[in-house]
Amino acid sequence: MAKPWRGGVSVTIKDVARRANVSVATVSRALNGHQNVAEAVRKRVLSVADELRYSPHHAARSLSSRRTQTIGVVLPDLYGEFFSELMRGIDQVARERGLHLLVSSYHGHPQEQGAALRTMRGRVDGLLLMSPFVDGAESLAEDLPAAMPVVLMNSALAASGRASVGVDNHGGAMAMMQHLLQAGHRRIAFIAGPDDNFDARERLRGYRDALAAGAPGVEPWVLPGDFDEASGHRAGQVLLEAEQRPDAVFAANDMMALGCLFALSQGGLRVPDDVALAGFDDIPLSRYVHPALTTMRVEIAELGARAIRQLLEPATPEAQEHALLAPRLVTRPSSASRATT
């Protein structure tokens, strides 16, 4: 009898066939929606696949049997420029292929995420999922349909056996810190993202690692944030009341950086003359504020486009099982060198 997935050991299609008492070919036909499978057999195969948490790979993930011509997209939120850009990239590729999108948001609640995933079953031919939660990976794996092609975006589950496309958040944060340190800044405050968010943790890790390497003996200065303008504004107000202000502020995303910029301006500090400021993501608005924001450019629309291409064409030579996109440093007036301020 086949054992359920555990400890990183993947269940194979042969395990499903053995448990369901059918041939491997029958399992393949049942999982890929072919009509020449008795309904009772199909249900048994799908039940066993779910029980064993079987995850099809490569050719089994192809969408050659598209029945709905629809791709599901499950995101933590739909508000803000990041998600707008992400959806723009996904939609562009979907339109080129004549596919429809079924989009759901779970507003950052893991329980609602599970409900959103369950409602996608039978309604879409493939699924794009952004699940930033560091904890709860096991329960999420149970909610993912075993027989459905899935590509994860910026997820802590990238090593779960599912295909994934993400951003090198740690490397990007390291690059930004190296830029600020090379500009002569040493007291660099960091506005962090949510504690349970994978991207936020990786960016915080990059900040700490770069500070330890580039400014030994300087203590990290971390303020809480929530990836929105309001939390960036609150962090800026805290910095205004500090006995000694920082040389620079690095926010874990642009929205918090913009909120901080407003708070510092309200408090009479000039950016970058008094305090340098930097963000992460390069949302469109970051280049139109004053001063324009130094940031790490994430090709957000390309992230979405890359994910849906990976879903549609997993076997192409350029496809990677776990693709990681490198952010690029974009320097603007908000982070001028101390020597020039």
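If you're wondering where the values come from, they're calculated on a predicted model, not measured in any experiment. (Residues numbered from 1 in each chain as written. Predicted model: local features only at pLDDT ≥ 70, side-chain atom pairs only at ≥ 80, totals over all residues. Heavy atoms only, no water.)

Peer 1: Looking at this model, I keep getting lost on helix α5 (residues 110-120). Mind explaining?
Peer 2: At 3.6 residues per turn, the α-helix brings residues three or four places apart onto the same side. When α5 is considered as a whole, its buried residues turn out to be Gln113, Gly114, Ala116, Leu117 and Met120. Taken down its axis, α5 places every buried residue within 160° of arc, on the same side. Following α5 by one or two positions, glycine 122 has its phi on the positive side, about 80°. (Buried < 20%, exposed > 50% of the residue type's maximum accessible area, 1.4 Å probe, protein only. Helix = DSSP H or I, 4+ residues; strand = E, 2+ residues; numbered from the N terminus. Arc of directions from axis to C-beta.)

Peer 1: Please clarify how helix α9 (residues 229-240) should be interpreted in this entry.
Peer 2: For α9, with twelve residues, the first-to-last C-alpha span of 17 Å sits near the 16 Å given by 1.5 Å per residue. The inward-facing, buried residues of α9 contact β6 (188-191), β7 (221-223), β8 (248-251) and α10 (254-266). (Expected span 1.5 Å × (residues − 1). Contact = heavy atoms within 4.5 Å.)

Peer 1: What am I meant to see in unusual backbone geometry here?
Peer 2: Working note: non-glycine residues mostly have negative phi, and peptide bonds are mostly trans. With omega at 10°, the peptide bond leading from valine 271 into proline 272 counts as cis. For proline 272, the position within the fold is in the loop between α10 and β9 (276-278). With an omega of -5°, the peptide bond running from histidine 290 to proline 291 counts as cis. By secondary structure assignment, the location of proline 291 is in the loop between β9 and β10 (295-297). Backbone geometry at asparagine 21 places phi at a positive 60°, although glycine is not the residue there. In this structure, asparagine 21 sits in the loop between α1 (13-20) and α2 (24-31). Of note in the backbone geometry, asparagine 154 takes a positive phi value of approximately 45° without being a glycine. Tracing the backbone through its elements, the reader meets asparagine 154 in the loop between β4 (150-153) and β5 (163-167). On the accessibility criterion, asparagine 154 (3% relative accessible area) is buried.

Peer 1: I would appreciate a short explanation of the sheet that holds strand β1 (residues 70-75) in the present structure.
Peer 2: Sheets are built from strands that pair by backbone hydrogen bonding, the pairs being arranged parallel or antiparallel. With parallel pairing, six strands are arranged side by side in an open sheet as β2-β1-β3-β4-β5-β11. Each edge of the open sheet carries a strand with a single partner, namely β2 (100-105) and β11 (322-325). On average, each strand axis in the sheet is inclined to that of its neighbour by 15°, with strand direction left out of account. Looking at chain direction, strand β3 (residues 126-129) and β4 are connected through three bridges and run parallel. Residue pairing across strands places leucine 127 opposite valine 150, the latter belonging to β4. Lying on the sheet, helix α11 (residues 300-312) is in contact with β1, β3, β4, β5 and β11; it crosses β5 at an angle near 170°. (Pairing = 2+ DSSP bridges. Axes fitted to C-alpha atoms, helices over the stretch in contact; angles between N-to-C directions.)

Peer 1: Would you explain the sheet that holds β8 in this entry?
Peer 2: Read from one edge to the other, the open sheet built from four strands follows the order β7-β6-β8-β9, with strand pairing classed as parallel. Each having just a single partner strand, β7 and β9 make up the two edges of the open sheet. The mean angle between the axes of side-by-side strands here comes to 20°, regardless of whether they run parallel or antiparallel. As judged from the three bridges shared by β6 and β7, these two strands associate in the parallel manner. In the strand pairing of β7, isoleucine 191 is matched with leucine 223.

Peer 1: Would you mind showing me how to read the packing of aromatic side chains here?
Peer 2: The final tally for this structure, using the stated rule, is three aromatic pairs. A ring pair is formed by phenylalanine 190 and tyrosine 207, whose centres lie 4.8 Å apart and whose planes are at 20°; its orientation type is stacked. Linking phenylalanine 190 in strand β6 with tyrosine 207 in helix α8 (residues 198-214), this pair joins segments that are 17 residues apart in sequence. The exposure classification of phenylalanine 190 matches that of tyrosine 207, with both residues buried. In textbook terms, an aromatic cluster arises when at least three aromatic residues are bridged by ring pairs, as seen for Phe190, Tyr207 and Phe250. When the ring centre of phenylalanine 280 is taken as reference, the NZ or CZ atom of arginine 203 above it lies at 3.8 Å. (Phe/Tyr/Trp six-rings, centres within 6.5 Å; stacked < 30°, edge-to-face > 60°. Lys NZ or Arg CZ within 6 Å of the ring centre and 35° of its normal.)

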